[in-house]
Amino acid sequence: MGVSISHGVPSTRSATTIANLGQHLAHVLSGSEWREVSGLFDGRLYTPVFTPPAQAARIAVLLAKAARSQAMDPEWAQLANLLAGAAERAARAGQNWEWT
């Protein structure tokens, strides 16, 4: 299943890719930080998902933090940064960040 992610994520991402990113995020974020994003990345994603702007802003911060971690594989860091940018754009626009 392909997931379309709003606010500038080109092409769809497979649910498997999103879950694999989640495994990397779980290793670099604290437990409480992971719980904030786990609904999107724990492998049990049910679309559509409409994340409110304030929550999207927080997710953007956490994804960017994870991407900067030296423990994050560079390819996964690139995807985390891409998603962080999309979440930030949604938040700045005052729009829901949509995964369909």
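Residues numbered from 1 in each chain as written. Predicted model: local features only at pLDDT ≥ 70, side-chain atom pairs only at ≥ 80, totals over all residues. Heavy atoms only, no water.

**Student:** What should I look at first to understand helix α4 (residues 74-93) in this one?
**Tutor:** In an α-helix, one full turn covers 3.6 residues, which means residues spaced three or four apart are oriented alike. Between its first and last C-alpha, α4 extends 29 Å over 20 residues, near the 28 Å set by a 1.5 Å rise per residue. A77, L79, A80, L83, A84, G85, A86, A87 and A90 are the residues of α4 that are buried. For α4, the secondary structure elements touched by its buried residues are β2 (13-14), α1 (15-28), α2 (31-41), α3 (53-68) and β4 (97-99). Regarding α4, its N-cap is D73, as a side-chain oxygen of that residue lies 2.9 Å from the backbone nitrogen of E75 further along. The first or second residue beyond α4 is G94, which carries a positive phi of 70 degrees. (Helix = DSSP H or I, 4+ residues; strand = E, 2+ residues; numbered from the N terminus. Expected span 1.5 Å × (residues − 1). Buried < 20%, exposed > 50% of the residue type's maximum accessible area, 1.4 Å probe, protein only. Contact = heavy atoms within 4.5 Å. Polar contact = N/O pair within 3.5 Å; in protein donor to acceptor, adjacent residues only side chain to side chain.)

**Student:** Help me understand the side chain of T51 in this model?
**Tutor:** Relative to the helices and strands, T51 is located in strand β3 (residues 49-51). On the basis of relative accessibility, which here comes to 4%, the residue T51 falls in the buried class. In contact with T51, other than residues within four places in its own chain, are A56, I59, Q95, N96 and W97.

**Student:** Would you mind going over unusual backbone geometry with me for this structure?
**Tutor:** Across the chain, the bulk of peptide bonds are trans and the bulk of non-glycine residues have phi less than zero. The step from T47 to P48 runs through a cis peptide bond, and the omega angle for that step is 0 degrees. Within the fold, P48 resides in the loop between α2 and β3. Even without glycine at this site, H7 takes up a positive phi of about 65 degrees. You can see H7 is positioned in the loop between β1 (2-3) and β2. Relative accessible area serves as the criterion here: at 21%, H7 is assigned to the partly exposed category. If you check the backbone angles, S11 has positive phi at about 60 degrees while not being a glycine. Within the fold, S11 resides in the loop between β1 and β2. By relative accessible area, which is 56% here, S11 ends up exposed.

**Student:** Help me understand the packing of α1 against α2 in this model?
**Tutor:** Packed helices, taken two at a time, are described by the angle between their axes plus the distance between the axes. Packing of α1 against α2 leaves a shortest axis separation of 9 Å and a crossing angle of 165 degrees. Taken as axis vectors, α1 and α2 run roughly antiparallel relative to one another. Crossing angle aside, the handedness with which α1 passes α2 is left-handed. Contacts from I18, A19, L21, G22, L25 and A26 of α1 reach α2 at W34, L40 and F41. Residues that form the contact of α1 with α2 fall into these classes: eight nonpolar, one polar and no charged. (Axes fitted to C-alpha atoms, helices over the stretch in contact; angles between N-to-C directions. Parallel < 35°, antiparallel > 145°, perpendicular 65-115°, else oblique. Left-handed = near helix turned anticlockwise from the far one by under 90°. Nonpolar A, V, L, I, M, F, W, Y, C, P; charged D, E, K, R; others polar.)

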